[in-house]
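Notes for the structure review
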Amino acid sequence: MATLANLISIYRNVHRVPTDAELPADVTAQLNMMAGGIDAARNGMMGDGWTYASAVQWIMDSAKATTAVAVMAYGFIADLPLNTAGLDYLVSPAGGNPNNLNSAYYAKFDTTNRYINFAVSLAKSGEGRANFIETYGENGTMFATLQKAYLKLFGVSLSHDATLDYLDAEVPNGRGGTYTRGEYFVELGGDGGNGIGSRAAMVGALMAEAMKSGQGPYADAVRAYLNEVAVTGKGVPFAHFYSIYGAGGDHAQGGPSDPGLPGESARFAHDWNVDAYNQEPDDNTHVLASDGNDVIKPIITDGPGGLDAGKHIRTAGGNDIIIVDNGVVRGLIDAGKGNDSIFLEKFDGRLITGEGYDNIDIGSFASLHLSNGKVTDIAVIEDFQKGFDMLTFAGAAGPGEKKQLYFVATATFDDALTAYASATAANSNTVFEWNGDTYVFHQNGLLGLDAGDGLIKLAGVTGLKVSKVTDGGDLLFAA
């Protein structure tokens, strides 16, 4: 399994450790212990409580005093995400900066003072000065800056009294006595009670609290940025940190460009189960998926393909790629969370898209199941979300359009299907709605309803936009 290799890769990328440099012994031991526990649990054995998500969180937490300092400071003070060169220069021992965050220079700083140091440097005379002045004013007050920065960082307001209490609290002065927290910030900022440096020192302390607690919209944005670094190993050349990685941004966690995390690459046979955890007997689940970006493909064979009825593919989190391109899908595919891409040659089973922005590509329709002239066992897609998910049909399926016919109150689904079949041209498709569901009917070369036609149900969703692939929408056809 790739669990250990994935965790090592994530750690190296986040901490900016080159591949030719050894990891610290305690880190290596921790990663091995977490990977062993994860794989044991996935194989149905007694694990030690570690999951892929909690292991990645450990790695992220271990960077709160190094990589996260640089990312938060540049993101919050300057509204800039770091590019690769900047990330390496500020964090990596091999990045060409003798005073990087892993150096002896910063070893004497506790976590809070690291954030303060970066904030003061950026705001007083660095790349964040213009943004700091625009946000808090060149001649702003400590009180107003605290309230505004607190709201931005934590997403909640700080009351008048709480603001005063924060600034007036007594803290050690390092010389055997005490002074107020506000005086502490003035000493570190070096430019008077309401100077830019003094206010920046206070903002730095707030940033540290946000990151140490993992609370607030900017802590979430830092995590989204680090997730991208964990996958790609690179910073980004964009401007405007929060609009990209903050709530609603494309690269935010759960956004359309959320990169996920490294996962497994595995192949399966038509009569195997694929699962994120071995919930079935050992002779049933042959392939284990992960919480990362899995690539699940069929074994190359001249024999039977597809996915048999009664079998399943269940992935967990991550942006998974699931391909079943060598036969009919008659079993269950549950794609779990993440922005998944699912490619099916022929669909005659059940698909659960799960949370995220999912893309489904279907090559052709399976034949209808008819009993006494009525359709049974309709292929179904569940949890399809309008505006988030997209279902595309290959060019061979023909053109498609949405139609709405009107029926008497006593009409049944079979009555409606027969009517829509009669209104659908040969080798084309009609999308229609019935009782809160959407259906895609495929007409073969013969007019009317027969076993050679195809039908897919999208359960619990209506109002979908039907259009050509070139025009964009929820359900896409070649023409």
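See the structure shown above.
Only a predicted model underlies this, so the values are computations on that prediction, with no experimental measurement involved.

Conventions and cut-offs
- Numbering of residues starts from 1 in every chain and runs along the sequence as written.
- Totals for whole chains, interfaces and linings use all residues, but because this is a predicted model, local features are given only for residues with pLDDT of at least 70 and pairs of side-chain atoms are given and counted only at 80 or more.
- Computation of side-chain values covers all heavy atoms of the structure but excludes hydrogens and water.
- Both cavities and pockets are sets of points on a 1 Å grid over the protein atoms alone; in a cavity a 1.4 Å probe fits but cannot get out, in a pocket the set is open with protein on both sides within 12 Å along at least five of seven lines, and lining residues sit with an atom within 4 Å of a point.
- Grid points are joined across faces, edges and corners, and a volume is the space filled by probe spheres set on the points.
- By definition, any uninterrupted DSSP run of H or I lasting at least four residues is a helix, any uninterrupted run of E lasting at least two residues is a strand, and each is numbered from the N terminus.
- Residue polarity is assigned by list, with Asp, Glu, Lys and Arg as charged and Ala, Val, Leu, Ile, Met, Phe, Trp, Tyr, Cys and Pro as nonpolar; anything else, Gly included, falls into the polar class.
- Here, nonpolar core refers to any group of buried Ala, Val, Leu, Ile, Met, Phe, Trp, Tyr and Cys residues whose side-chain atoms link them within 4.5 Å.
- Exposure classes here rest on a 1.4 Å probe applied to the protein chains alone. A residue is buried below 20% of its type maximum, exposed above 50%, and partly exposed in between.
- Note on contacts: a residue pair qualifies if any of its non-hydrogen atoms lie within 4.5 Å across the two residues.

As for the layout of surface pockets
Taken as a whole, the largest pocket holds about 600 Å³ of empty space. Taken together, 22 residues make up the lining of the largest pocket; nearest its centre are Gly 254, Asp 258, Gly 317, Gly 318 and Lys 337. Elements represented by at least two residues in the lining of the largest pocket include exactly helix H3 (52–61) and helix H13 (217–232). Per-element accounting of the lining of the largest pocket gives the leading share, 3 residues, to H3. Here the residues of the lining of the largest pocket are counted per class, giving 6 nonpolar, 11 polar and 5 charged. Considering only enclosed or pocket space, the second largest pocket measures out at about 270 Å³ in volume. Lining the second largest pocket are 16 residues, with Tyr 166, Arg 181, Phe 185, Ala 205 and Glu 209 sitting closest to its centre. For the lining of the second largest pocket, the secondary-structure elements that each account for two or more residues are helix H7 (111–125), helix H9 (142–154), strand S1 (170–172), helix H11 (181–189) and helix H12 (196–213). Residues belonging to the lining of the second largest pocket are distributed by class as follows: 11 nonpolar, 2 polar and 3 charged.

Description of empty space enclosed by the protein
A complete count under the given rule lists 2 cavities of 30 Å³ or more for this structure. Roughly 80 Å³ of internal volume is contained in the largest cavity. Lining the largest cavity are 15 residues; nearest its centre among them are Asp 348, Ser 367, Leu 368, Ala 379 and Leu 455. Within the lining of the largest cavity, the residues separate by chemical class into 9 nonpolar, 4 polar and 2 charged. Quantified by volume, the second largest cavity comes out at close to 30 Å³. If you trace the second largest cavity, you find it lined by Ile 38, Arg 42, Tyr 52, Ala 276, Tyr 277, Ala 289, Ser 290 and Asp 291.

Examining the nonpolar core
Membership of the largest hydrophobic core comes to 76 residues, with the highest contact counts inside it found for Leu 7, Met 72, Phe 76, Met 207 and Tyr 225. Broken down by element, this core gets its largest block of residues, 11 residues, from H12. With residues up to four places along the chain from it excluded, the contact list for Tyr 225 reads Val 71, Pro 81, Leu 82, Leu 87, Gly 235, Val 236, Phe 241 and Tyr 245.

Topic: the environment of Gln 147
Note that Gln 147 resides in helix H9. The class of Gln 147 is partly exposed, set by a relative accessible area of 27%. Considering only alpha carbons, one finds Gln 147 and Ser 159, 12 residues apart in sequence, at a separation of 8.0 Å. Setting aside chain neighbours within four positions, we find Gln 147 in contact with Leu 158, Ser 159, His 160 and Thr 163.

Honestly, it's all geometry; don't read function into it.
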